[in-house]
Each structure stands twice: as structure tokens, then as C-alpha cells.
Amino acid sequence: MSAYLLVHGAWHSGQSWDRVVPLLSMAGHLVLAPSLTGHGDRAELLAPEVGLDTYVDDIVRLITGEDLTEVILVGHSYAGMIIASVADRIPDRIAHLVYLDAMVPEDGENAIDVIPMTQLLIDQAARSGAPWRIPPLPPLPPPAGLFGVTDPADVAWVRSMLSDEPVRCFQQRVRLDNPAANAIARTHIHCVAGAPPGRRPVPATQPNGTPAQVWELPTGHDCMVTMPVELSELLLKLA
């Protein structure tokens, strides 16, 4: 049995994994999909001081509190920042990092460095009555949709789980200076239908010296909603 820990991206909640969790669980694995501080069932905790460090603490506290080891840590979208930081903090508990259509930071970077257009959202928030929080992105016409989701029923479901994101989470910088984290295997899964702007190429060699592992799904950004079966099949290869 493996332990999968699924970390949602900005504006989302743990509910976004509802179609994936049972598929991994039925294969005999432990699966956790928590909502980060200020999201989902913890939405009331949203505050200006919530940031990247808060989210990293959420995941580290869960892993150590449950005494999990050999964790397959999956980060979607913004959560690439989170899983990289968690691996730096507790590398001995992480077996594999999965960057699911995710930000992949270097030491000292923040989300703005990884995807510069993030600054536009911060600037828009600064002109609002609540400059510390950024509302969810609105749906766009297909094929972009809402985070790559275009089916009307699915769009409604995704919208129901979205909440504002604190500006601070995009501004805080990662600290990735633990050499032990370099030994952790990594897999990158790219959603290639409507690829996000500015995606960085994956280096040919992983930090542990092995060839890069990059898989693709022919769908939009929220692949856990649009292709849960195919995503689960890929994740199960890592067990």
C-alpha cells in the first residue's frame, strides 16, 4: 500500500479530488486530499496572513501527525510551490513528487517569478476594496472554460468549490536548500489541451540524476475533474 497525498491548487479545495480519491483507494492505497487553510471546509480561516508558509505547514503537519512515510505527494497547479517546499522540509518522508500541470519553482522564487502574469491578478486586487484577496478566475468561452473545464455541469460543480486566494501566497518565496530533497524522484504530468502560458520546459535530467519523466493528458488544466480515470491510471504507476 502506498500513501497518496493530493494537494489542490489556488482557489480550489480538497473536494476537487473527489473523482480521483475513490479510484486510488479501490486499488488498495491510502489517499488523503485535504483542504488548505482558507479553502473548502476551512474557508472561515481565510485571512491576509495566510500564505505559502501556511499551506506548507498544513501539509507537513498532516504528514507528521499521521506518521506517513513513502508518500507520493501530488501538487496541482500552484501546489507545485507547496510540494517542493514540503519535500525540502521533510525529504525523508517523501517517496515521489508529482507536479500535476504545476508550478515548478527554483530556490528563492515565488509564484510571480514562475508565472509572471500572476502579478496582474495582484494588481487588480490592489484596486479593489479587499486588496489582500484575489477572487477565482471567471469562466472563459471554450476551449479555455473554467480552469480547462467546459462541461456545464462540471463548471457549476467546480465553481461551487472555489474561494478567494490570499495575495500573500503568491508573494512568499520558496526555500529549497536541503540537498536531501534532490534524491526524491519526480514526475511531471502536463495537461496539453490549452496549455497554460509560460510553462517552463522540464530539464532532461532530474535532480537525482535520472532521466526526466514527463507524461501528458489531452485535457484542460483541472484534469482531476475532466479525466479522473486516466489521471488515476498514471498515478497508480508510481505506487
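See the structure shown above.
Residues numbered from 1 in each chain as written. Predicted model: local features only at pLDDT ≥ 70, side-chain atom pairs only at ≥ 80, totals over all residues. Heavy atoms only, no water.

Caption draft 1: The overall build of the chain, seen in detail. For the chain, the helix and strand inventory stands at nine helices and eight strands. Expected size for 239 residues packed as a compact globule is a radius of gyration near 18 Å; at 17 Å, the chain falls within 12% of this value. Expressed as lengths along the three principal axes of its C-alpha atoms, the size of the chain is roughly 45 × 35 × 35 Å. Looking at the chain residue by residue over its 239 residues, the buried ones come to 51%. Once the 15 positive and 27 negative side-chain charges of the chain are each reduced to a mean point, those two points are 4 Å apart. (Helix = DSSP H or I, 4+ residues; strand = E, 2+ residues; numbered from the N terminus. Rg over C-alpha atoms; globule rule 2.2 N^0.38 Å. Buried < 20%, exposed > 50% of the residue type's maximum accessible area, 1.4 Å probe, protein only. Lys, Arg positive; Asp, Glu negative; His and termini not counted. Charge placed at Lys NZ, Arg CZ, Asp CG, Glu CD.)

Caption draft 2: Inspection of helix α6 (residues 152-161) at higher detail. Turning to α6, its buried residues are D154, V155, W157, V158 and M161. Buried residues along α6 cover an arc of 165° about the axis, so they all sit on one side. Along α6, the residues that are exposed and aim more than 90 degrees away from the buried face are P152, A153, R159 and S160. Looking at the packing, one finds that the buried side of α6 touches α8 (223-226). Its side-chain oxygen 3.1 Å from the backbone nitrogen of A153, D151 forms the N-cap of α6. (Arc of directions from axis to C-beta. Contact = heavy atoms within 4.5 Å. Polar contact = N/O pair within 3.5 Å; in protein donor to acceptor, adjacent residues only side chain to side chain.)

Caption draft 3: A look at the packing of aromatic side chains. Per the counting criterion, the structure on display carries four aromatic pairs. Both rings, one in W11 and one in F147, keep their centres 6.0 Å apart while their planes meet at 40°; by these two values the pair is tilted. Note that W11 is positioned in the loop between β1 (3-7) and α1 (21-26) and F147 in the loop between β5 (133-134) and α6, a separation of 136 residues in sequence. Measuring from centroid to centroid gives 6.3 Å for Y55 and Y78, while their planes differ by 80°, and the two rings are edge-to-face. Taken together, the positions of Y55 in helix α2 (residues 52-65) and Y78 in the loop between β3 (71-76) and α3 (79-89) put the pair 23 residues apart, joining distant regions of the chain. The two residues Y55 and Y78 agree in class, both being buried. Among the aromatic residues, those joined into a ring-pair cluster are W11, Y55, Y78, F147 and F170. (Phe/Tyr/Trp six-rings, centres within 6.5 Å; stacked < 30°, edge-to-face > 60°.)

Caption draft 4: Quick look at the pairing of strand β7 (residues 185-191). Along β7, six of the seven residues are buried, which leaves the element largely enclosed by surrounding structure. With five bridges joining them, strand β4 (residues 94-100) and β7 adopt parallel strand pairing. Across the sheet, the residue bridging to H96 is A185, located in β7. Pairing of β7 with strand β8 (residues 214-217) involves four bridges; the strand directions are parallel. Bridging from a neighbouring strand, I189 pairs with W215 of β8. (Pairing = 2+ DSSP bridges.)

Caption draft 5: Here's a closer look at the side chain of H221. Along the polypeptide, H221 turns up in the loop between β8 and α8. Contacts of H221, omitting those with residues within four sequence positions, involve H76, S77, D101, F147, G148 and C191.

Caption draft 6: Fine view of the packing of α2 against α3. Two elements in contact, α2 and α3, have axes separated by 9 Å at closest approach and are oriented at 55°. Relative to α3, the element α2 is oriented oblique. In this structure, the crossing between α2 and α3 has a hand that is right-handed. Where α2 approaches α3, its residues L52, Y55, V56, D57, I59, V60 and I63 are matched on the opposing element by M81, I82, S85, V86 and R89. Of the residues in the contact of α2 with α3, the class split is nine nonpolar, one polar and two charged. (Axes fitted to C-alpha atoms, helices over the stretch in contact; angles between N-to-C directions. Parallel < 35°, antiparallel > 145°, perpendicular 65-115°, else oblique. Left-handed = near helix turned anticlockwise from the far one by under 90°. Nonpolar A, V, L, I, M, F, W, Y, C, P; charged D, E, K, R; others polar.)

Caption draft 7: Main features of the nonpolar core. Core analysis: the biggest nonpolar cluster contains 72 residues, and L73, Y78, I82, V86 and L231 have the highest contact counts within it. At seven residues, α3 tops the list of elements feeding residues into this core. Apart from residues no more than four positions distant in its own chain, Y78 is found in contact with G9, A10, L52, Y55, M103, A111, C169 and F170. (Core = buried A, V, L, I, M, F, W, Y, C linked by side-chain atoms within 4.5 Å.)

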